[in-house]
Amino acid sequence: MSAALIAGLHREPVTGAGEDTSAFTVHYLGVRDAEKLDTVTGKAYRTLRFGVYVPETEGGSAAPANGATQPEEWLAALVHWTQKQLGETWSVYADAWPAQPGRQAVLWRMSGCETRMAGASMYELRKRFIGHIAAPDTTEENRAASVLIEGFAAQIQLPLDQDKGRYMSTAEASADLQADAILDGQLRLMLVQRRMRPAEEAALIRRVEIHPILK
């Protein structure tokens, strides 16, 4: 009975009826305590724990991630690349989960950025990203994580703007398959781009005089 209950509820989406558009996904969190015996009926009972994840914006109301605000340029390119790698059966989002994510979904969010000097005229811009992979079972999640990690290794340069010849390179890519898909994210990624340092403006030389001693 417990196995049937877990199979019927774990990772299953629940949506409202009619005008109620609220939605959440049920996750099995394990048993609360060991089985106990009811002294009145003489029957044993077990308490199962379930939790729900409800995506919310900072304002407190659920909203889709693809709203009016466009994602950051690198993040948008990463979402587009991920969609090509996994195919149309997967939904890929940026920044935050929407109110009703797809059954097979990936979320990318930027967790940090930094710069490093690469010479007198160049510098490196580095951005760190966290990827969340959610699917009906862990086998699908692990398969998608493996496809993406292999993709980063095979295609070191990811297109940022192909028309202008702009790319970003993969510096680090790793997956922790034991991490929580919703709260922590299984993927860790660092992308790098080298840029030219802008030339400093200087006063023009109007006239050059050579001192007689230097002749």
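These notes cover the structure that comes with them. (Residues numbered from 1 in each chain as written. Predicted model: local features only at pLDDT ≥ 70, side-chain atom pairs only at ≥ 80, totals over all residues. Heavy atoms only, no water.)

### Looking at the overall build of the protein
In terms of regular secondary structure, the protein is built from three helices and eleven strands. Sequence-ordered secondary structure for the protein, helices as α and strands as β, is α-β-β-β-β-β-α-β-β-β-α-β-β-β. Within the protein, the fraction of its 215 residues that count as buried is 28%. In the protein, 54% of the contacts between residues at least 6 apart in sequence involve partners at least 24 apart. (Helix = DSSP H or I, 4+ residues; strand = E, 2+ residues; numbered from the N terminus. Buried < 20%, exposed > 50% of the residue type's maximum accessible area, 1.4 Å probe, protein only. Contact = heavy atoms within 4.5 Å.)

### Thoughts on the pattern of salt bridges
This model, assessed by the stated rule, comprises eight salt bridges. A salt bridge links Arg46 to Glu35; the nearest nitrogen and oxygen atoms lie 2.1 Å apart. Highlighted residues: Arg46 in the loop between β4 (44-45) and β5 (48-53) and Glu35 in the loop between β2 (23-31) and β3 (36-37), separated in sequence by eleven residues. Overall, Glu35 belongs to the partly exposed group, its relative accessible area being 48%. (Salt bridge = Lys/Arg side-chain N within 4 Å of Asp/Glu carboxyl O.)

### Structural notes on the pairing of strand β11 (residues 187-196)
Bridge count for strand β8 (residues 122-134) against β11 is ten bridges, and the pairing is antiparallel. The residue of β11 that forms the bridge with Ile130 is Arg188. (Pairing = 2+ DSSP bridges.)

### Things to note about the packing of aromatic side chains
If you walk through the whole model with that rule in mind, you get four aromatic pairs. For the ring pair Trp81 and Phe152, a centre distance of 4.6 Å and an interplane angle of 20 degrees mean the geometry is stacked. Placement of the pair is Trp81 in helix α2 (residues 73-86) and Phe152 in helix α3 (residues 138-154), with a sequence separation of 71 residues. The pair formed by Trp81 and Phe152 is uniform in burial state, with each residue classed as buried. Arranged with centres 6.2 Å apart and planes meeting at 80 degrees, the rings of Trp108 and Phe152 form a pair that is edge-to-face. Separated by 44 residues along the polypeptide, Trp108 in strand β7 (residues 105-117) and Phe152 in helix α3 bring together distant segments of the chain. Comparing Trp108 with Phe152 shows no difference in burial state: the two are buried. Among the aromatic side chains, those forming a connected cluster through ring pairs are Trp81, Trp108 and Phe152. Positioned above the aromatic ring of Trp74, the side-chain terminus of Lys127 is 4.5 Å from the ring centre. (Phe/Tyr/Trp six-rings, centres within 6.5 Å; stacked < 30°, edge-to-face > 60°. Lys NZ or Arg CZ within 6 Å of the ring centre and 35° of its normal.)

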